[in-house]
Structure formats: C-alpha cells, structure tokens
Amino acid sequence: MTASSGPLTGLKVVELGQLIAGPFAAKTLADFGADVIKIEAPRSGDPLRKWRLLKDGTSVWWQVQSRNKRSVALDLRQVEAQDIVRKLALDADVLIENFRPGAMEGWGLGPDELLALNPRLIMLRISGYGQTGPYRDRPGFGVVAEAMSGLRHLTGEPGRVPVRVGVSIGDTLAALHGVIGILLALQHRHASGKGQVVDVALYEAVFNCMESLLPEYSAFGAVRGPAGSALPGIAPSNAYRCKDDGYALIAGNGDSIFKRLMTVMNRQDLATDPALADNAGRVARVQEIDAAIGQWTAGLTVEEVLEALEAAEVPAGKIYTVADIAADPHYAARGMLQKVRMDDGSEIAVPGFVPKLSATPGSQHRNAPALGQDTDAVLREIGLTETQIGVLRERGIVG
C-alpha cells in the first residue's frame, strides 16, 4: 500500500506537537494516507527521538510515532519561522498542536490568526486541561490527567499506593479523541465549507472512558475504589493463580457463561444455584465464587486452564509479555507485527495498523524521518528559493 491509496490521501496536516499526544494523532492520520509535515526544533528535534531505548542514537519508538511523516526543522521562536507556518497553514486541512495554552497565540499562530488566513482549517489543540477554565495555564502531562480523571484512584490493590498504567494512556486517549474530533470537523466542513477548533483536554479524554464512575456517585454517593485484578460489581471476573505460578484471566460474568464455567470445574452446586443465576446474586457471593475458581486453577497450569475454558466457550486468557505478543500467531495473522527495514538495512518489528479497513487499509509507505530531512523540499513547495532557504539555514531559523 502507498499513501496515494489511503482514505485520507490529499489531506495535508501540519504537526506542531511533540512527544506523545499530538504526534500520535498525526501518526494515525498519516497511517491512512494524510501528508503530515512535522515541525521540529533545529538541532534538538522532538524529545521523543531520545526517549527509552536507542538504536544508533535514535529511539526505536520514533519509528512508530513518526512513520509516514515528513520532518521540517524550524525555530518557532523566530518571526521568519512563524511566517513559514502561516504559509503552510494557507493550504493545510489540519493543524495539530499540543503546547501549553497561549503558546501558539504568543507566536501569532493562534486560531484567530490562522483561521482568518484559511477559514477551512481544522485546528486540533491538545493540552492538559483544555483551552478554557481555571486550570488552563497549568502544565499538564498524561499522568496528571489520569489522576485527575479518577483513573489512578482505581488502579492497584486496596490500601496500597495507586499505580499507573504502564503506558501513556492519557496521552493516547487524548490523541484518539483528537482524531475523532478532526474527522467530525471534516464532515462539518464538507457540508459548510468552514473549519473550526477541536479542543481536547487530556483529563477529559480519560474521564470520558470512566464508565459508571460519576453516575454511581451522583445517584448513590458511591466512591468507587481500587479492586486489584477484579472487576467491581461484575462477577466473576478476575485473575486466578495457577499451579505453575502464572495467572489465568477468567471472565465468567455472563449468566450462561457462569454455568459453563462452573460445569467445567465440576461445581454443579454453584452452576444450578438459583441465587447465582444473575449478576446481582453472584456479586453478593463473589468471595465464595472467586475462592472456588482459585481452588480449581491452583491444580492446573495456565495452559491447562485455558484449554479447558476454550473448549467450554468461557472467555479466558493469559497475561502476555511482549515476548508472547511477538510469538503469537493471531497477532501475526492480523498484520499487527509489521517488519520495518531501517535505513541501515536492519529490521525491527513495529505495531500494525488500527482500525482495519477492508478497501483502504493503513500502511507504512515511509520510514520515520531524520531531523529536518524534508525541510528544503517542503520550503520549495511553498515557494521559497534556494537562496532564501540558504539564508534561513545560515541564521539557524531552519535546519
């Protein structure tokens, strides 16, 4: 697949963000054919280039977060660089930024200026707390947003220090909400011809996924707390230790599923107990049920448990490590283990493309760029001459 076959072919996106939220949104658009021009600071570039494990001086994460993008190195503190962004925005469809509120306005690149130049522009703004409200000027990272949304209060074991999800889930959820906002705004523009601002707050993106948390508090004064590996109010659903010291995740919380689970465990007394026929009854006796399941799994290995439950059509699984993922035939069959040939000829595996589209699937048509790799080409596209580009480079405005 190539960029010309993606569903977003012809969509021009200018990315001014860095690290995770804004760039993840832009990556998602680029995976489906959008031409994403990533603006980075000369010399240093996006800090993500140096995050976590490095190969030949560059993060392997970079190969995921910036695939299919073009890199232009601009010092946005300089007036001439700001003028270049305005020129790029003139015929752009989307501009993505995730700076602290007010930064873009300080550079003369706020929505009032950019939408006046290009009324069809859709501007995605991702920040910790949104563009309005009493907290708008606070610095906000994903972990803080996860805490403010109520998520961090629910993670971990009761009575112990709340733990974080092991990835930047707040940033990623905000990015995905941003992509949804862009697609909605494109639909509106198709009807009206007008662009708009999409305002995504990190904490709101996580809060939007908090299910029944607020209505339960509103209706009953219930403050949901951490429950470890269990799923509060839904039973049985938990992680159960097995004979080989691994854990099997078992979700036997459907009425008919529960009966099949108890049957395969040879617990007909529980399978046929009328008090356990629905979720409310099972929740009232969840400790008894969990103890019974735990006693059964303790006599079997994880694989033996999973084999028995697959035959009984009970949802269950093991806790995967990345080594399990890399060796899993289902991941491979679904195209989720993509091989990328690096510029030095070596290969690495990266995640595949989500969602799956039958006619216009996502694809990798370009490796993640070196810093400023496309500066000259993009500047030529907006009308700058070689002489002008040379002067800007001498002055450190472009790289």
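Thresholds, definitions, all that
- Residues numbered from 1 in each chain as written.
- Predicted model: local features only at pLDDT ≥ 70, side-chain atom pairs only at ≥ 80, totals over all residues.
- Heavy atoms only, no water.
- Helix = DSSP H or I, 4+ residues; strand = E, 2+ residues; numbered from the N terminus.
- Buried < 20%, exposed > 50% of the residue type's maximum accessible area, 1.4 Å probe, protein only.
- Contact = heavy atoms within 4.5 Å.
- Core = buried A, V, L, I, M, F, W, Y, C linked by side-chain atoms within 4.5 Å.
- Patch = residues over 30% accessible without salt bridge, like charges linked within 9 Å, V, L, I, M, F, W, Y side chains within 5 Å.
- Areas by Shrake-Rupley, 256 points an atom, 1.4 Å probe, with all protein chains shown as cover.
- Salt bridge = Lys/Arg side-chain N within 4 Å of Asp/Glu carboxyl O.
- Lys, Arg positive; Asp, Glu negative; His and termini not counted.
- Charge placed at Lys NZ, Arg CZ, Asp CG, Glu CD.
- Pairing = 2+ DSSP bridges.
- Right-handed = clockwise from strand over helix to strand, strands pointing away.
- Phe/Tyr/Trp six-rings, centres within 6.5 Å; stacked < 30°, edge-to-face > 60°.
- Lys NZ or Arg CZ within 6 Å of the ring centre and 35° of its normal.

K.L.:
Help me get a handle on the overall build of the chain, residues and values and all.
P.N.:
Check the secondary structure of the chain and you find 19 helices and 13 strands. Along the first, second and third principal axes, the C-alpha set of the chain runs to 85 × 50 × 40 Å. Within the chain, the proportion of its 399 residues that are buried is 43%. Taking all contacts inside the chain whose residues are at least 6 apart in sequence as the whole, residues at least 24 apart take part in 66%.

K.L.:
Give me the nonpolar core: which residues, what numbers.
P.N.:
Residues V13, L29, I96, L124 and I182 are the most contacted members of the largest nonpolar core, which totals 34 residues. Among the elements that line this core, the one with the most residues is helix 8 (residues 169-192), at seven residues. Non-local contacts of I182, meaning those with residues more than four positions away in its chain, are made with L29, V94, I96, I122, L124 and V198. Counting residues in hydrophobic clusters, the runner-up holds 29 residues, among them V72, L76, M104 and L379.

K.L.:
Which residues make up a negative patch on the surface, and what values do they have?
P.N.:
A surface patch of negative charge is lined by D244, E304, E307 and E310. Take E310: its relative accessible area is 65%, and that puts it in the exposed class.

K.L.:
Would you mind going over the pattern of salt bridges in detail, with residue names and values included?
P.N.:
This model, assessed by the stated rule, comprises 29 salt bridges. Residues K55 and D56 are paired through a salt bridge, measuring 3.6 Å at the closest nitrogen-oxygen approach. Here D56 falls in the exposed class, since its relative accessible area comes to 65%. One salt bridge in this structure joins E97 and R125, with 2.6 Å as the shortest N-O distance.

K.L.:
How would you sum up the pairing of strand 2 (residues 35-40)? Please name residues and give values.
P.N.:
Side chains on a regular strand alternate between the two faces of the sheet. With five of six residues buried, strand 2 is to be regarded as a mostly interior element. Pairing geometry for strand 1 (residues 12-15) and strand 2, over four bridges, is parallel. Pairing of E15 across the sheet is with K38, part of strand 2. Chirality of the crossover, the property in question, places the unit of strand 1, helix 1 (residues 21-31) and strand 2 among those that are right-handed. As judged from the five bridges shared by strand 2 and strand 5 (residues 69-73), these two strands associate in the parallel manner. Within strand 5, the position partnered with E40 by the bridge is A73.

K.L.:
Outline the packing of aromatic side chains, supporting the account with residue identities and numerical values.
P.N.:
Evaluation of the coordinates by the stated rule reveals five aromatic pairs. Here F99 and W107 contribute two aromatic rings whose centre-to-centre distance is 5.1 Å and whose plane-to-plane angle is 90°, an arrangement assigned as edge-to-face. Both residues of the pair, F99 and W107, count as buried. With 5.8 Å between their ring centres and 80° between their planes, Y129 and Y135 make a pair best called edge-to-face. Y129 gets classed as buried once you look at its relative accessible area, which sits at 11%. Grouping aromatic residues by their ring pairs yields a cluster made of Y129, Y135 and Y203. Taking the ring centre of F24 as reference, the NZ or CZ of K27 above it sits at 4.5 Å. For the cation-ring pair, R138 lies above Y135, with the distance from its terminal atom to the ring centre recorded as 3.8 Å.

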